[in-house]
Each structure stands twice: as C-alpha cells, then as structure tokens.
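# Observations on the model geometry
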Amino acid sequence: MDFSVKKLASDAGVFFSRAVQYTEEKLGQAEKTELDAHFESLLARADCTKNWTEKIYRQTEVLLQPNPSARIEEFLYEKLDRKVPYRATNGEILGQYMLEAAKEFGPGTPYGSTLIQVGDCQRRLGGAEREFLQTSSISFLTPLRNFLEGDWRTITKERRLLENRRLDLDACKARLKKAKAAEAKAACEGEAVPDFQETRPRNYVLSASASALWSEEVEKAEQELRVAQTEFDRQAEVTRLLLEGISSTHVNHLRCLHEFVEAQATYYSQCHHFMQELQKELSRRYPNSFVVNPRSVRSPSADPSSALPINSLSPDTEPLQIEEVQPPASGTRKAKVLYDYDAADTSELSLLADELITVYTVPGMDSDWLIGERGNQKGKVPVTYLELLS
C-alpha cells in the first residue's frame, strides 16, 4: 500500500510538471524542443494517410451497404464476435418475388414465362452482387480497418509517449536553466537562502553555503536532463520507425485497391453478360413486343459512335443515295414508331413516337436499317425503333 501511494504521488508530480510545461509553452513563457523537418514531414504524411484512409473506408462501407441500419447490425455482430446472419440481396429478393408471381399467373402464360426468365436473371445478378460484396470486404475493407484499428493506434500511442518525453525533457531544461541562474545569483550576492521552489519541492539541510547547495542542485538537474534526453531520443527513434512504415502501408493499400477494382470489373462484367443474355432471349421470343433501344445497348469496349452503323452499305459499295432509292417491286410495309429518333445526318429520317410510316428495304442495306417514308420525306431508319404492322 505504501508503494502504491508513493507511485501515485510520483505520477501526480510528473503529470503536474508536464501540465505546467505545456501551459507555459502555450503562453509563450517556456521554450519547446522542435522536431527536425524530416520528422515533421513523416508526421504530416501519417496524419494525411489516416484521415484519407478513414474517409475512403467509411464511404466504401456506404457503397457496399447503403442501409445504415444493416451497417450498424453488422458492426455489432463483429464486435460481439458472432457470425452475421444471412441477408439476401435486393436482386435476390426481387427475383424470388417474380418467380412466386409467375406461379400465380401461370408459368405457361407469356407474362408468367417472362417473369420466370427475368426473375432468374435478377437472382443471378443478386448472386453476383453478393460475391462482389464478400470479395471487396475481404480484399479491401479489412486491410483498411486493420490499419486504422491496429497500426494507427500503435502509432498514436507512441506519438503520445514521445510528446510526454518531450515535455519531460523541456521541463528538465527549464529546471537546469533556473538552477544555473540561481547559482550565479548566489555567487554574486554571497550567502543567501536558496529558493528551492524555483526548481523542485525538496527538503534540504542548509548546512553549507547557498552557492554549494546551488551547485549540487545544478548537478542533479544536469543528471536528470541527460536521462530525459536519452529517453526522448529512444522514443523518437521508435516513433520514427513506425512513421516510416507508412510507406509499406501505402504499398499494401495499393495492392488492395487493385483487387477492389478487379472485383468491381468482374461484377459489372457479369451483370452486363446476364442482361445481354436476357435481352437476346426476350427479343427472340417476342420480337414485336420487346424492342431494344440500340443507343442504350453498347459493348463496354466499343466506341460509342459505333452503336448505330453510319453507313448502311458495305464498305466495298458506293454510299446510298436516298434520292435515287425507289420502293421495291415486292411492296412496302407499315410500321409504328416506338421511340423518338433524331437523324444523325441527311441520309436518315427523324421519327416521332407513335407515328405511322412506310418502310421497305433495298438490296445491300444493313439488316439493322430500313428505308422509311413519311409523305415526301425519305431516309434511313433503325429497325429497333419500329414495330412492323404488316
């Protein structure tokens, strides 16, 4: 018990000394040991890394799980070291609803069979999303969280220790400075009663001259300064090594970022593949009721300008002269316009949704295009914007 009280009193004294030194520094009444420029640069880089890593981590969480309630639930399960319960993705839930609706409407009906196809596609999209979430959490979120909860906490702890060692060092410097000033004053004024409150609250037996006592005080202050300097240097080296390790953190996070991008690219590629298959299947089964806007269906790697063919003839033939085109002997057909269409050049015909036009084809034309006529206007029109009526 006696040891505990002494330790408590000693810790309180150290804390009070640091508090006094810190306050005097803020008031400009005490000198402060400055760290070298390289060390300050390492500190600034570490703070920048922590701040941006935290922001990226939080926003990635929002991206992967937009529902804040679900994020809180997952956080609690993680802190309690319990397995997060299975939660279906929105795509999987939607797919399940469509399949159940198809059973009610009848899987043999056009609507029911289409619901089955779309529902199955939605379930596959949901499965791809689940795989993407799991991969991203393991390869990207976990390393960022480990840095924030592990490495950064260690760095913060060592920086706090370094700041305490610096305060101790500066307090020792201030104490030595005061002792030397008092020693010089005592030597000039002769015998004088030393004011030990200027250095430390200790009891001394005034059996020698004030000058001798101040000399002893200076020696003790110098010894304490050497010890404080050694501890400060040791702690500064430990902290420096941790801060230099931030470079390794950047390398690790770079690798994780590549894995995150790879997972994202795989996910979106799967989604695009699933939707293209669904569009093709529905277009094959219902060619007149399921019409795809050609401007919205583009290959990810294709040039946007190639979504619609500019020249409806093959490269080896002469460009089509719209004025010279005549309806074929086989006759023409009526078509209903499904979407508005703005002509890209003078060879095309602009369209308005729901209007009726006359269409026909000519030899050598691309199968994606027809010749359309409206009154005395004539031009190429995309097939996918039309519903052929006769």
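Right above here is the structure, for reference.
Every value quoted in this text rests on a predicted model; they were computed, and no experiment measured them.

### Concerning the pattern of salt bridges
Under the criterion given, the structure shown has 14 salt bridges. When the shortest N-O distance is used, the salt bridge between E54 and K50 registers 3.3 Å. Pair noted here: E54 and K50 are both in helix α2 (residues 37–64), with a separation of 4 residues, about one helical turn. E54 sits in the partly exposed class, given a relative accessible area of 29%. One salt bridge connects D170 with R166, and the closest N-O pair in it is separated by 2.5 Å. One end of the pair, D170, and the other, R166, are both in helix α5 (residues 110–189), 4 residues apart, so they sit about a helical turn from each other. Given a relative accessible area of 3%, R166 falls into the buried group.

### Description of a nonpolar patch on the surface
On the surface, L254, L257 and V261 cluster together to form a nonpolar patch covering roughly 260 Å² of accessible area. Checked against the element boundaries, L257 lands in helix α7 (residues 246–285). Residue L257 is classed as partly exposed on the basis of its relative accessible area, which comes to 41%.

### Some remarks on the packing of aromatic side chains
Taken as a whole, this structure holds 8 aromatic pairs when the rule is applied. With centroids separated by 6.4 Å and ring planes inclined at 45°, the aromatic side chains of F147 and W152 adopt a geometry described as tilted. Accessibility classification places F147 together with W152 in one group, the buried group. Linked through ring pairs, F132, F140, F260, Y267 and Y268 together constitute an aromatic cluster. Taking the ring centre of W369 as reference, the NZ or CZ of K380 above it sits at 5.6 Å.

### Section: the packing of α2 against α7
Between α2 and α7, the least distance of the axes is 12 Å, while the angle of their chain directions is 20°. Judged by the angle between their axes, α2 and α7 are roughly parallel. As α2 runs across α7, the sense of the crossing is left-handed. Between α2 and α7, the residues in contact are R45, A46, T49, T53 and L63 and I246, S247, H250, H253, F260 and Q264, respectively.

### Considering the environment of I371
Looking at where I371 falls in the secondary structure, it is placed in strand β3 (residues 369–374). Separated by 10 residues in the primary sequence, I371 and T361 place their C-alpha atoms 5.8 Å from one another.

### Some details on the sheet that holds strand β5 (residues 386–388)
With antiparallel pairing, the 5 strands of this open sheet are ordered in space as β4-β3-β2-β1-β5. Bordering the open sheet on either side are β4 (377–382) and β5, each of which pairs with just one other strand. Strand after strand, the sheet turns through a mean of 40° between neighbouring axes, direction not considered.

### A few points about unusual backbone geometry
Not every positive phi belongs to a glycine, and D354 is a case in point at roughly 80°. Mapped onto the fold, D354 is located in the loop between β1 (333–337) and β2 (356–360). The exposure class assigned to D354 is exposed, which follows from its relative accessible area of 56%.

### Quick look at α7
Owing to its 3.6 residues per turn, the α-helix aligns residues three or four sequence positions apart on the same side. Here α7 contains 40 residues, and its C-alpha end-to-end distance of 58 Å stays within 8% of the 58 Å for a straight helix at 1.5 Å per residue. Of the residues making up α7, those classed as buried are I246, T249, H253, C256, F260, A263, Y267, C271, F274, L278 and L282.

### Some thoughts on the pairing of β4
In terms of strand pairing, β3 meets β4 through 6 bridges, oriented antiparallel. Paired with G372 across the bridge in β4 is G379. Counting the residues between successive antiparallel strands, the hairpin from β3 to β4 contains 2 residues, one of them, G375, with a positive phi of roughly 65°.

What counts and how
- Residue positions are given per chain, counted from 1 along the sequence in the order it is written.
- Local features in this predicted model are restricted to residues of pLDDT 70 or higher, and side-chain atom pairs are both shown and tallied only at a pLDDT of 80 or more, whereas totals for entire chains, interfaces and linings draw on every residue.
- Each side-chain value is derived from all of the structure's non-hydrogen atoms; neither hydrogens nor water enter the calculation.
- Salt bridges are identified by distance alone: a Lys or Arg side-chain nitrogen within 4 Å of an Asp or Glu carboxyl oxygen.
- Each helix corresponds to a stretch of at least 4 residues labelled H or I by DSSP, and each strand to a stretch of at least 2 residues labelled E; elements are numbered beginning at the N terminus.
- Relative accessible area decides the class of each residue, using a 1.4 Å probe on protein chains only: under 20% of the type maximum gives buried, over 50% gives exposed, and in between gives partly exposed.
- Exposure above 30% relative accessible area and the lack of any salt bridge qualify a residue for a patch; like charges then connect within 9 Å, and the nonpolar side chains Val, Leu, Ile, Met, Phe, Trp and Tyr within 5 Å.
- Only the protein chains shown count as cover for residues, and the accessible areas themselves come from Shrake-Rupley with a 1.4 Å probe.
- Classification of ring pairs uses Phe, Tyr and Trp, with its six-membered ring standing for Trp, and accepts pairs whose centres are within 6.5 Å; under 30 degrees between planes counts as stacked, over 60 as edge-to-face, and the remaining range as tilted.
- Charge over a ring is defined by NZ of Lys or CZ of Arg lying within 6 Å of the ring centre and within 35 degrees of the ring normal.
- Helix axes are fitted to C-alpha atoms over the stretch in contact, other axes to C-alpha atoms as well, and angles between N-to-C directions run from 0 to 180 degrees.
- By definition in this entry, angles of less than 35 degrees are roughly parallel, angles greater than 145 are roughly antiparallel, angles of 65 to 115 are roughly perpendicular, and the rest are oblique.
- Handedness of a crossing follows from how the near helix is turned relative to the far one, being left-handed for an anticlockwise turn of less than a right angle and right-handed for a clockwise one.
- In this description, contact between two residues means that some pair of their heavy atoms is separated by no more than 4.5 Å.
- The criterion for strand pairing is that DSSP finds at least two bridges linking the strands in question.
- One less than the number of residues in a helix, times 1.5 Å, gives the span that helix is expected to have.

Just distances and angles here, no functional claims.
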